[in-house]
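Fold and geometry: a report
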Amino acid sequence: MSDQAIRDYVEANRERFVEELKEFLRIPSVSTDPVNAGEVRRCAEWLASHLRGIGLETVEVHATPGHPIVYAEYMGAVGKPTLLLYGHYDVQPPDPLELWLTPPFEPDVRDNKIFARGATDDKGQLFAHIKGIETLLALTGELPVNIKLLIEGEEEVGSKNLDAWIEANKERLASEAVIISDSPMFAPGLPSITYGLRGLAYLEMTVRGPGHDLHSGLYGGGVPNPINELGRIIAKLHDEDGRIAVPGFYDAVRELESDEREAFARLPFTEEGFIAETGVVGLTGETGFTTLERIWARPTLDFNGIWGGFTGAGAKTVLPSTASAKFSCRLVADQNPDKIAALVRDYVRSIAPEYVEISVELHHGGSPVITERDSRAVQAALRALKKSWDVDPVFVRGGGSIPVVATFSEVLGVPTVLVGFGLDDDRLHSPNEKFNLENFYAGITTSAFLWNELV
Ligand SMILES: [Zn+2]
């Protein structure tokens, strides 16, 4: 089937696609509040019946201890590759309601944008794929590859029951790669493939000095002060070049390749813009790396909270018995959160003075992920995006984590390709969330082209 046939079908059905998206957006599938469980379930059922309606025969709604998972598959492409599409149908709470120009669950089209809770995150982006699949089924009666759809209802509440479901359905979910559209493009009109995400090791340390709080006049100068010692330890965790001073910390870091650095440098990004966006006076970070390299491809160790002693109004002359801090390490391929936690713990113990007690605990961790840019799935996405947007797509990475991507990598052993159709100004999780309809339509053709390119 020709590319033109795909373009024509999407063009001819634009209005209906938007009306159907509106139906999807009208269901208030807010997953946080248990009182709302009925609406979340109704959304899962709506989605399942819509998937049957476009011609998918295997469509199931699976109960979990929380909200249901919608699973569908097309396995009619015998001998052809199998792909897994992941998305979520649940949404964030719409509060504060008074800041919405139109009600969050009454989708409104203004200025060629659709406004509603979930418009971009993730109903609109997910629905673009569903319409892409419909396009191929409607034009040819079949799909060029096998597709499995895994759509959860608990993404906005931490995907509590997803890992167990994936683990239990490992064989059934076997595939070559996972496709996810739940992220923004790097800039308007610039299709982007995210091929790397950072991982995380979240730690907490406590320094113990006196057995109880002491009077700073009677004892000060003669006993260790845990806050002073915690400050000294924190100061020794980075060197003058902004590098993390923990021995072995960088051993597993996959260094950036020269073509990656060139690609990042070509992106429409300026330090001035970044300064304005963050409200900082100036930038800092590891010497020898640009800002994008620092936030995408280099590990960090950042303190998130620190407490101890007296912080109330007025003055209290106290030497506290303990001082604590929470800190997080963002990790890059191929660092391992448990190993990093052990290295940090050993180093902190080695630099702590003998006259205090110190404990370092790992709260939780997540692995970094990287998808090879020359993999079949990434290359197919590249071609599909180019055809659809008529612009060369860019390769980007993400500084944060998407835990399900690590699960796909660890449990299923498959890489994930993140192809976002959103924009930075979509206001996801905020009032007046929107999705540009041009991105919706281009997302649909991208999806249809993508499955064809994967044969
Ligand atoms: Zn999302």
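Now for a description of the structure that goes with this document. (Residues numbered from 1 in each chain as written. Predicted model: local features only at pLDDT ≥ 70, side-chain atom pairs only at ≥ 80, totals over all residues. Heavy atoms only, no water.)

Looking at the coordination of the zinc ion
Note the threshold: Only nitrogen, oxygen and sulfur atoms within 2.8 Å of the metal, or 3.2 Å for Na, K and Ca, are treated as donors, and water is left out, so sites may look incomplete. Here the metal geometry follows the donor angles, with tetrahedral for four donors whose angles all fall between 85 and 135 degrees, square planar for four and octahedral for six when opposite donors are more than 155 degrees apart and every other angle is between 65 and 115, and irregular for all the rest. The helix count covers DSSP runs of H or I at least four residues long, the strand count covers runs of E at least two residues long, and both are numbered beginning at the N terminus. Burial classes follow relative accessibility: with a 1.4 Å probe on protein chains only, a residue under 20% of its type's maximum area counts as buried, one over 50% as exposed, and anything between as partly exposed.
Here the zinc ion is held by the protein donor atoms His 88 (NE2), Asp 121 (OD), Asp 182 (OD) and Asp 182 (OD), which lie 1.9 to 2.5 Å from it. Taken together, the 4 donor atoms coordinating the zinc ion span angles of 53 to 143 degrees at the metal, a pattern that classifies the geometry as irregular. Along the chain, the residues that donate to the zinc ion are spaced as H-x32-D-x60-D. Placement of the pair is His 88 in strand β3 (residues 82-88) and Asp 121 in the loop between β5 (113-115) and α3 (123-140), with a sequence separation of 33 residues. Taken individually, His 88 and Asp 121 each receive the classification buried, so the pair is uniform in this respect.

Things to note about a nonpolar patch on the surface
For the record, the criterion: Two joining distances apply to patches: 9 Å for like charges and 5 Å for nonpolar side chains (Val, Leu, Ile, Met, Phe, Trp, Tyr), and every residue must have over 30% relative accessible area and no salt bridge. Only the protein chains shown count as cover for residues, with accessible areas throughout obtained via the Shrake-Rupley method and a probe of 1.4 Å. The rule for a salt bridge is simple: a side-chain nitrogen of Lys or Arg has to be within 4 Å of a carboxyl oxygen of Asp or Glu.
A contiguous nonpolar patch, built from Leu 218, Tyr 219 and Val 223 and spanning about 300 Å² of accessible area, is present on the exposed surface. Within the fold, Leu 218 resides in the loop between β10 (214-215) and α5 (226-235). Among the residues examined, Leu 218 registers a relative accessible area of 68% and is labelled exposed.

What about helix α1 (residues 3-26)?
Working note: α-helix, 3.6 residues per turn, so residues spaced by three or four point in the same direction. In plain terms, the rule: Expected span of a helix: the number of residues minus one, times 1.5 Å. The bend reported for a residue corresponds to the angle between axes fitted to the seven residues ending at that residue and the seven starting there. The contact criterion used is simple: two residues touch if any of their non-hydrogen atoms lie within 4.5 Å.
Given a rise of 1.5 Å per residue, 24 residues ought to cover 34 Å, and the 32 Å separating the end C-alpha atoms of α1 matches this to within 8%. Roughly 60 degrees is the biggest bend found in α1, and it falls at Arg 14. Each element contacted by the buried residues of α1 is listed here: α2 (37-53), β4 (108-110), β5, α3 and α12 (437-453).

Some thoughts on the pattern of salt bridges
Close approach of charged atoms allows side chains of opposite charge to pair. Under the definition given, this model contains 32 salt bridges. Notably, a salt bridge pairs Glu 39 with Arg 42, separated by 2.8 Å at the nearest N-O pair. Taken together, the residues Glu 39 and Arg 42, both in helix α2 and 3 residues apart, mark about one turn of the helix. Measuring nitrogen to oxygen at the nearest pair gives 3.9 Å for the salt bridge that ties Arg 172 to Glu 73. Within this pair, whereas Arg 172 is found in the loop between α4 (162-168) and β7 (177-180), its partner Glu 73 is found in strand β2 (residues 69-74), the two being separated by 99 residues in sequence. A relative accessible area of 15% means that Glu 73 is categorised as buried. Shared partners join several salt bridges into a network, and the residues in it are Asp 3, Arg 383, Lys 387 and Glu 453.

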